[in-house]
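Understanding the architecture of this molecule
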Amino acid sequence: MQLFFCENLALNTEVILSQEESFHAAQVLRMRIGDFIHLTDGLGHLFKGELLKVDSKKSLVRLVEELPLKPATTHLHIAIAPTKNIDRFEWFLEKATEMGIAEITPLLCRYSERKEIKPERLNKVIVAAAKQSHHFMFPRLNPILKFEEFINSSTSENKYIAHCELSEKNDFGKSIIGKKSSLLLIGPE
């Protein structure tokens, strides 16, 4: 299944694909008028659409069917200090998206080496990873926050901190089973 991303989807409407998505449909996949594609808005909706116009700059799709999806039963939020090497942080976003993480908050910690991020670029990484792994609910990427601000505003039901200290460790995967909302904090390098 080829999955395309487009905002503001509604059944029985026509939508215009972005230039990037149009190019992918027309030039990479060589799709034609009348072909069917799947579209998501990243908010947990999946639609089947028919291509009415296929052009590498602007393609038109009529949404003909909304496909049923199971709603998520858990909400895992990861708050993480971005790495000095942005490629590593982008890799993390890609893998977190593929695993189905619901929310990601970049943290500015006392020892953080990276003080700024480019949300537009990072959201492109998330969209690409979600499309590749057929996730219809994209993780929400929050603005970068200072650690203290984040801790004071966090409302998650269960909170965990990943660490390398010499102490007793619990299996995180087993710890979150059956819990609706969990937060995992990961500090700087």
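Further up the page is the structure itself.
Residues numbered from 1 in each chain as written. Predicted model: local features only at pLDDT ≥ 70, side-chain atom pairs only at ≥ 80, totals over all residues. Heavy atoms only, no water.

1. Notes on the pairing of strand β7 (residues 103–108)
With 5 of its 6 residues buried, β7 lies for the most part within the structure. Note: strand β6 (residues 75–80) against β7, 4 bridges, orientation parallel. Looking at β7, one finds that histidine 77 is bridged to glutamate 103. At this point the chain moves from β6, through helix α2 (residues 86–99), to the parallel β7, and the crossover so formed is right-handed. By the bridge criterion, 2 bridges tie β7 to strand β8 (residues 140–141) in an arrangement that is parallel. Looking across to β8, one finds that isoleucine 104 is bridged to leucine 141. You can see the chain leave β7, run along helix α3 (residues 119–132) and come back into β8, and the turn it takes is right-handed. Across 2 bridges, the pairing between β7 and strand β9 (residues 145–146) is parallel. (Buried < 20%, exposed > 50% of the residue type's maximum accessible area, 1.4 Å probe, protein only. Helix = DSSP H or I, 4+ residues; strand = E, 2+ residues; numbered from the N terminus. Pairing = 2+ DSSP bridges. Right-handed = clockwise from strand over helix to strand, strands pointing away.)

2. Observations concerning α3
Note that an α-helix has 3.6 residues per turn; residues three or four places apart therefore point the same way. In this model, α3 (14 residues) spans 20 Å end to end at C-alpha, consistent with the 20 Å of a helix rising 1.5 Å per residue. By the burial criterion, the buried members of α3 are Leu122, Val125, Ile126, Val127, Ala129, Ala130 and Lys131. On the buried face of α3, the contacting elements are β1 (3–5), α1 (19–28), α2 and β8. Where α3 ends, the next residue or the one after it, histidine 134, has phi of about 55 degrees, a positive value. (Expected span 1.5 Å × (residues − 1). Contact = heavy atoms within 4.5 Å.)

3. As for the sheet that holds strand β5 (residues 60–67)
Reading across from one edge, β1-β3-β4-β5-β2 is the order of the 5 strands in this open sheet, with mixed pairing throughout. Two strands in the sheet have a free side with no partner beyond their single neighbour: β1 and β2 (14–16). Strand-to-strand twist in this sheet, taken as the mean axis angle between neighbours without regard to direction, amounts to 45 degrees. Two elements, strand β4 (residues 46–53) and β5, share 7 bridges in a ladder whose sense is antiparallel. Bridging from a neighbouring strand, lysine 53 pairs with leucine 60 of β5. (Axes fitted to C-alpha atoms, helices over the stretch in contact; angles between N-to-C directions.)

4. What about unusual backbone geometry?
Residues other than glycine predominantly adopt negative phi, and peptide bonds predominantly adopt the trans conformation. Unlike most non-glycine residues, asparagine 8 shows phi in positive territory, near 55 degrees. Residue placement: asparagine 8 occurs in the loop between β1 and β2. Owing to a relative accessible area of 71%, asparagine 8 belongs among the exposed residues under this scheme. A positive phi is found at arginine 30, a non-glycine position, where the angle reads about 55 degrees. With respect to the helices and strands, the residue arginine 30 is situated in the loop between α1 and β3 (36–40). By relative accessible area, which is 54% here, arginine 30 ends up exposed.

5. Examining the nonpolar core
Residues Phe92, Leu93 and Ile104 are the most contacted members of the largest nonpolar core, which totals 20 residues. Those elements that place two or more of their residues in this core are β6, α2 and α3. Not counting residues up to four positions away in its chain, the partners in contact with leucine 93 are Ile104, Leu122, Val125, Ile126 and Leu141. In this structure, Phe4, Cys6, Leu17 and Val61 belong to the second largest nonpolar core, which totals 13 residues. (Core = buried A, V, L, I, M, F, W, Y, C linked by side-chain atoms within 4.5 Å.)

6. Some points on the pairing of β5
Strand direction decides the pairing type here: β2 and β5, joined by 3 bridges, are antiparallel. Following the sheet pairing, valine 15 is matched in β5 by valine 61.

7. Things to note about the environment of glutamine 27
Topologically, glutamine 27 is positioned in helix α1. When the C-alpha positions of glutamine 27 and aspartate 55 are compared, they lie 8.4 Å apart, and in sequence the two are 28 residues distant.

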